[in-house]
Amino acid sequence: MARSAKPLSTKEINAAKPREKDYKLTDGRGLYLLVTRSGGKHWKLKYNFAGKEKKLALGAYPEIDLAFARHLREDHRSEIAKGIDPSEVLKVEKVERNNLERKEALTFEVVATAYLDKRHELNEAYLVRLERAFKNDVYKFVGTTPIADITPQNIIELVKRVEQRGAVESSHRLFTQINKVFKYAVSNQLAKRNPCNDLEKNEILRSHTATNFPTITDPKKIGVLLNLIDEYSGDYTTRMALTIAPYVFVRPFNLRHAEWSEIDFEAKLWRIPSDKMKTKKEHLIPLTETTLKIFEEMRTYSGDARYIFHSLRSKTSPMSDNTLNNALRRIGYSKDEIVVHGFRAMFSTITHEKSGFDHHVIETQLAHSVGNSVSQAYNRAQYLDERVKLMQWWSDYLDKLQKDEVL
């Protein structure tokens with residue numbers, strides 16, 4: 001008959017001191033306290049299961065006191081009597097606990113951020129807008145929600161909220177991007193299913209039609225606009241950015257993020273790198289006497305900064321998104337009359353009607369895709385000689401309209 005161990009007491013446990021080697025204090029029925037050389041005290045349960053001797057860690061003393069250690073011993077011995085191995089039970093519980101922690105950590109914002117970080121094919125301007133849309137219209141409402149817990153109803157609420165403020169096109173784009181986040185999550189085993197698959201976008205959102213940016217094409221009115229810009233009494237950098245905008249008609253992002261490293265004064269070219277372009281190809285803008293003069297003037301003011309048209313508050317940051325359109329509002333134009341992006345439509349309309357230059361030359365200068373895929377991929381200077389002449393024609397045209405209006 002096996003010798004019964006004398007039960008431990010709390011006093012005995014507290015009095016136990018570390019020795020040169022680890023040692024055990026036995027309580028009986030397989031329960032013992034392991035006292036380590038470093039002074040730690042850990043409860044263990046020794047038992048036999050399926051003919052094998054096993055050990056189970058129950059926790060450290062005093063977090064697990066004597067009474068609770070005995071309670072755990074009896075619970076586990078009861079499991080063993082029923083043919084259940086407590087070690088296997090704890091392994092399953094650990095896996096479930098880790099899965100739960102992983103699920104709670106994989107919030108929509110965490111997964112969406114990882115998705116956006118891998119979207120190297122997107123140009124910087126679009127990526128900035130996309131991040132802002134997620135921040136304002138998604139993260140605010142479900143950003144901290146585990147991605148596995150997001151339902152089709154959640155998605156409907158997100159996109160309908162955008163639609164209800166009148167941004168119908170934006171609501172469609174947001175649905176598409178949320179769908180892409182879930183496809184990324186499923187493909188990378190971060191979620192089991194895509195709730196967007198249960199939805200039909202056109203059933204939950206109103207249809208939208210593309211709208212053109214408002215612009216001005218009447219020559220006399222353009223002359224008035226150019227002179228009002230020249231008389232703008234606000235921030236100097238804003239005035240200079242607005243002055244050059246009609247002449248170069250780039251997308252607002254490219255103007256606000258223009259850097260001195262992109263301007264080649266000797267070659268009379270503005271080289272916008274591919275990562276800033278919607279087409280993902282470098283774009284060349286021939287500079288005229290008028291535009292070179294504007295850049296030269298700005299160089300005396302912001303030549304020590306990274307951005308040519310920097311923020312109102314700091315030379316280390318680009319001009320903010322709404323600055324130029326707000327300036328147009330200040331000089332008397334409503335958002336229905338003209339926006340900065342409308343200078344592109346102004347150039348396109350007038351040059352197609354009056355310049356005599358070939359359609360492909362004009363479209364290439366607008367950084368639109370022109371020609372076959374081979375020429376698009378390799379010929380970044382496509383029609384460059386003609387584009388130099390086109391830009392001079394346009395510059396002269398604007399100069400004349402402004403001068404005629406003054407006279």
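Below or above, wherever it landed, is the structure these notes cover. Sequence order sets the numbering: in each chain, residues are counted from 1 along the sequence as written. Local features in this predicted model are restricted to residues of pLDDT 70 or higher, and side-chain atom pairs are both shown and tallied only at a pLDDT of 80 or more, whereas totals for entire chains, interfaces and linings draw on every residue. Side-chain measures here rest on the full set of heavy atoms in the structure, leaving out hydrogens and waters.

## Some details on helix α9 (residues 219-230)
In a regular helix each residue adds 1.5 Å, so 12 residues correspond to 16 Å; α9 covers 17 Å between its end C-alpha atoms and thus fits that length. Burial in α9 covers these residues: I222, G223, L225, L226, N227 and I229. Taking the backbone nitrogen of K220 as reference, a side-chain oxygen 3.1 Å away marks D218 as the first, capping residue of α9. Under the scheme used here, helices are H or I runs from DSSP no shorter than 4 residues and strands are E runs no shorter than 2 residues, and both carry numbers assigned from the N terminus. Multiplying 1.5 Å by the residue count of a helix minus one yields the expected span of that helix. Exposure categories follow from relative accessible area, calculated using a 1.4 Å probe and restricted to protein chains: below 20% of the type maximum is buried, above 50% is exposed, and the middle band is partly exposed. Two N or O atoms form a polar contact when they lie within 3.5 Å of each other; inside protein one atom must be a possible hydrogen donor and the other a possible acceptor, and for residues adjacent in sequence the pair counts only when both atoms belong to side chains.

## Re the sheet that holds strand β1 (residues 23-28)
Strands sit in the order β1-β2-β3-β4 across an open sheet of 4 strands; the sheet is antiparallel. The open sheet is flanked by β1 and β4 (52-60), the only strands paired with a single partner. The mean inter-strand angle of the sheet, taken between neighbouring strand axes irrespective of direction, is 30 degrees. Strand pairing is defined by DSSP finding a minimum of two bridges between the two strands. Taken together, the 8 bridges between strand β3 (residues 41-49) and β4 define a ladder with antiparallel strand orientation. Directly across from W43, in β4, lies its bridge partner G59. Angles run from 0 to 180 degrees between N-to-C directions of axes, and those axes are lines fitted to C-alpha atoms, restricted for helices to the stretch in contact.

## Brief notes about the nonpolar core
Put simply, a nonpolar core is a bunch of buried Ala, Val, Leu, Ile, Met, Phe, Trp, Tyr and Cys residues held in one set by side-chain atoms that sit within 4.5 Å of each other. In this structure, L225, L255, W270, F295, F309, F343 and M346 are the most contacted members of the largest nonpolar core, which totals 54 residues. Elements with a contribution of two residues or more to this core: α9, α10 (236-248), β6 (269-272), α12 (289-302), α13 (323-330), α14 (342-355), α15 (359-365) and α17 (384-406). Broken down by element, the residue count for this core peaks at 7 residues, all from α10. Any two residues whose heavy atoms approach within 4.5 Å at even a single point are treated as in contact. Those residues within four positions of L225 in sequence are excluded, and the remaining contacts are I216, L328, I331, Y333, I338, F343 and M346. In this structure, F108, V162, I178 and I204 belong to the second largest nonpolar core, which totals 32 residues.

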